[in-house]
Amino acid sequence: MKKYLTCLLVISLLKLPVWAFELPKNISMVHDINPGKDTSHPMFFTSFDGKLFFAATDTEHGREIWTWDGVNQPSILFDLFPGPDSSIESQSNLVVFEGRLYFTASDGKVGHELWVYDGMHPPSLVADICPGPLGSFPHSLVVYKNKLYFAATEEGDIWNVELWEYDGSSRPRMTADIWPGPIGSDPWGMWVFNDLLLFEAETHSIGRELWKYDGENSPSLVTDINPGSGSGLDFVEFHVFQNKVVFAANDGKSGSELWQFDGKNPPTMVTDLNPGFGWSNPAFFTSYKGKLYFSADVPAYGRELWAWDGTSNPMLVADLNPGPPDAGIYYLTVFDQRLFFNADNGMTGYELWEHTQEGTPQLVADIYPGKNGSFPEYFFAFQGKLVFSASDGNHGSELWQYTPMKKDVLIVAFDDGVWYRKPATENWIQITSARASQIASGDCDGDEWDDLFGVFRNGTWVQKSSTGVWNRIATTQPYWIATGDMDGDELDDLVASWPSGIWYWRAVDGLWINLHHTAAKQVTAGDCDGDGKADLIGSFRNGVWIKSSSDGNWYQLHKKTPLWITTGDMNGDRRIDFVGTWSHGTYYRDSASGTWEQYGSPIHTNASMVTTGSLDSDSIDDLIGIWQGLSGVWIRNSSNKPSMWQILSEREPHFMCTGIIP
């Protein structure tokens, strides 16, 4: 069911208080693994055998491997170290190799070593590389040329770490002793690029630098970026962008800045974002729509989101936390054709944000209200969901999920029937050949697809998306219809204005319930105050009024009756904004700030009909309308650019709405 309704809903709010804002229904905690405010802190997400595997902590078992099928509650895979002691440590990333899941763990009998799980039997120890209780601590696991590579020590000394390999059957062996003796080169950040295994490693004479391995010859130094014993790399991350690997490096002159390596020529610095010895320290590299996005720190803006097209200088995307304070910008991840990340705008704390390259980044949800922030992290795509770790303040850091909103489609009533515009092909598909004077959509049966309501000559009907069958729910024609969850049962009801007043058809049992004794010229409904129930809005001769579902009182929204009204999230702040068109133009009221903004139009005149809906499935609703003096139905893309106006239909309907249909 939609959180707010896009079928010609509510207009403005002039005198109403600002109500609490609820969490979007497509974001939720999967399960409180470690009950209460204790944290399970899930991380190392990996998909294997159709399930999600990750490390998590609870009081009974300590930190172990857990699994989730995407439907039922997560469950512990196996209590490898029995009791409250933990088998998993902080660098135990999970990797799938030759159809099996590998990770680092300790069962209490041996130290932290390499383990394997085949999907059927309990996990088993691959090898006790460092015999006894100390462990070899394998980390940075990566698959390269049909082998599993990792960093480990065979002497139980966390400093004497070198590059190791495992072919899936023989005992793991050391690939190379890059820094001979008791210290170890401590390889880090293994990354496969152009048939090479890249990593950083340290020696006494050159410090930590970039190394490469071709799978046959001994690993070799790529170049000494910071000449001498100074380190050019410091536990950095690698990312491939435009057939080059990018990373942060310090040449001893410019601090830690953005560098690139093509696999053949010596690495070069892209730009000195923080000039001189200052460090911009770029991190969390992610490719998105032809650009490299990353987090970087410069004095004027603090740590913010940057983008680089591969040729020009990197550009600041937005100063989310204005001025020198940091926005942070962590864990950049591309999902559902959008860029997600963790950021702090100075007001909400670290929360989930998104960016689409159109307009500025937008807050997805304030999971932990206030300035504390939920700090979402370790984003991972699984079964069409974005899973991550976060805390809402009532629970510790737990497993959360974000499910993309389905795309709205435009539904119109023409003289030759009701049609909808198919997004993929932009073709028009006929739903019924019967002429409807009004239409509205809403999910009245809870299947997460919108059902279609229509007013025809022989009464008011509903077509449920689950069956495709039309059923009559009233024998007469109301003045106006709209949809909204009037009783908070998460089913959309039909609201209608009749000569006898305003009534709603209750979806759960099909009964008609009276809401108001006076008829309205137009009605609509939507949850404007965030209490989980739709508020009733009516357009009367003395203006537009809203009946709050919270207190039952009527409030005047505007003294002048508009030509048309609707609602939508017009600025991406996850709050319902009120849209109305009058003879002097089309406006929306930001429900968070109370300010009014005027829309432009294709020809700068007023609209005779408007609706809203996210036809591109982003977090901002598009404005759709018919403008006087201009033929057809036009849409203004939510990027807020005048050039984004486009025509959807050359024909003009006598009614339209948007909805989510199969």
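Next up on the list: the environment of Asp319. Take Asp319: it is sitting in the loop between β25 (315-318) and β26 (330-335). As a C-alpha pair, Asp319 and Val412 span 93 residues in sequence and 41 Å in three-dimensional space. Non-local contacts of Asp319, meaning those with residues more than four positions away in its chain, are made with Tyr301 and Glu304. A distance of 2.8 Å separates a polar atom in the side chain of Asp319 from the backbone nitrogen of Gly323.

Take the packing of aromatic side chains next. Applying the stated rule across the entire model yields 35 aromatic pairs. With centroids separated by 5.9 Å and ring planes inclined at 55 degrees, the aromatic side chains of Phe53 and Tyr117 adopt a geometry described as tilted. With a gap of 64 residues between them, Phe53 in strand β3 (residues 51-58) and Tyr117 in strand β8 (residues 113-117) connect regions that are remote in the sequence. Given the relative accessible area of 3%, Phe53 is considered buried. Residue classification places Tyr117 among the buried positions, given a relative accessible area of 9%. Taking the centre distance of 5.5 Å and the plane angle of 90 degrees together, the rings of Phe456 and Trp470 count as edge-to-face. Taken as a pair, Phe456 in strand β37 (residues 451-456) and Trp470 in strand β39 (residues 470-474) lie far apart in primary sequence, 14 residues in all. A relative accessible area of 21% places Trp470 in the partly exposed class.

Moving on to the sheet that holds strand β52 (residues 607-613). Pairing is antiparallel in the open sheet, where 4 strands are placed in the order β52-β53-β54-β55. Strands at the two margins of the open sheet, each flanked by one partner only, are β52 and β55 (645-649). Between one strand axis and the next, the sheet turns by 30 degrees as a mean value, whatever way the strands run. When β52 meets strand β53 (residues 622-627), the two strands line up antiparallel, connected through 6 bridges. Its bridge partner lying in β53, Val610 is registered against Gly625.

Turning our attention to unusual backbone geometry. With a phi close to 65 degrees, Asn146 is a non-glycine residue in the positive phi region. Secondary-structure assignment places Asn146 in the loop between β10 (139-144) and β11 (147-152). Look at Asn146 and you get exposed, because its relative accessible area is 64%. Phi angles above zero are rare outside glycine, and Phe375 is one such case at about 45 degrees.

Before going further, it helps to examine the pattern of salt bridges. This model, assessed by the stated rule, comprises 11 salt bridges. Put simply, Asp336 and Arg338 hold a salt bridge, and the shortest N to O gap is 2.3 Å. Given the relative accessible area of 31%, Asp336 is considered partly exposed. Looking at Arg338, the relative accessible area reads 2%, which means it is buried. In this structure, the salt-bridge partner of Glu354 is Arg338, at a minimum N-O distance of 2.7 Å. On the criterion of sequence distance, the pair formed by Glu354 in strand β28 (residues 350-355) and Arg338 in strand β27 (residues 338-344) is long-range, its members being 16 residues apart. Classification of Glu354 by relative accessible area gives buried; the value is 2%.

A few words on the confidence of the model for the chain. Note: predicted coordinates in regions of low pLDDT should not be interpreted at a detailed level. Looking at the chain as a whole, its pLDDT mean stands at 89, while 93% of the residues score no less than 70. Here residues 1-21 is a poorly scored stretch, pLDDT under 50, and it has 107 contacts once near neighbours within four places are set aside; other chains count.

Time to look at the pairing of strand β23 (residues 291-298). Across the 8 residues that make up β23, a large majority, 6, are buried. Of the pairings in the sheet, the one linking strand β22 (residues 283-288) to β23 comprises 4 bridges and is antiparallel in character. Across the sheet, Tyr288 pairs through a bridge with Lys291, a residue of β23. Counted along the chain from β22 to the antiparallel partner β23, the turn is 2 residues long, and its residue Lys289 has a positive phi close to 50 degrees. Both β23 and strand β24 (residues 302-308) contribute to a ladder of 7 bridges, which runs antiparallel. Each residue of the ladder has a partner; that of Asp297, found in β24, is Arg303. What sits between β23 and β24 in their antiparallel hairpin is a turn of 3 residues.

Attention shifts here to the nonpolar core. The nonpolar side chains of soluble globular proteins are, as a tendency, buried together. Core analysis: the largest hydrophobic core is formed by 49 residues, its most contacted members being Ile411, Ile439 and Val495. Ranked by residues supplied to this core, first place goes to strand β33 (residues 409-414) with 6 residues. Of all hydrophobic cores here, the second largest spans 16 residues; its members include Phe44, Ala55, Phe103 and Tyr117.

A word on the sheet that holds strand β9 (residues 124-127). The pairing of strands in a sheet comes from backbone hydrogen bonds and takes either a parallel or an antiparallel form. Spatial strand order, β6-β7-β8-β9: 4 strands in an open sheet with antiparallel pairing. Across the chains shown, the open sheet's two edge strands, defined by having one partner strand only, are β6 (95-97) and β9. This sheet shows a mean twist of 40 degrees between the axes of neighbouring strands, independent of strand direction. Alignment of strand β7 (residues 100-105) against β8, held across 5 bridges, turns out to be antiparallel. Directly across from Tyr102, in β8, lies its bridge partner Val116.

Strand β44 (residues 522-526) sits mainly inside the fold: 5 of its 5 residues count as buried. Because side chains alternate across β44, one face comprises the buried residues Gln522, Thr524 and Gly526, and the other comprises Val523 and Ala525, equally buried. Pairing geometry for β44 and strand β45 (residues 535-540), over 5 bridges, is antiparallel. Opposite Val523, over in β45, you have Gly538 as the bridge partner.

Procedures and definitions
Residues numbered from 1 in each chain as written. Predicted model: local features only at pLDDT ≥ 70, side-chain atom pairs only at ≥ 80, totals over all residues. Heavy atoms only, no water. Helix = DSSP H or I, 4+ residues; strand = E, 2+ residues; numbered from the N terminus. Contact = heavy atoms within 4.5 Å. Polar contact = N/O pair within 3.5 Å; in protein donor to acceptor, adjacent residues only side chain to side chain. Phe/Tyr/Trp six-rings, centres within 6.5 Å; stacked < 30°, edge-to-face > 60°. Buried < 20%, exposed > 50% of the residue type's maximum accessible area, 1.4 Å probe, protein only. Pairing = 2+ DSSP bridges. Axes fitted to C-alpha atoms, helices over the stretch in contact; angles between N-to-C directions. Salt bridge = Lys/Arg side-chain N within 4 Å of Asp/Glu carboxyl O. pLDDT = per-residue confidence, 0-100. Core = buried A, V, L, I, M, F, W, Y, C linked by side-chain atoms within 4.5 Å.

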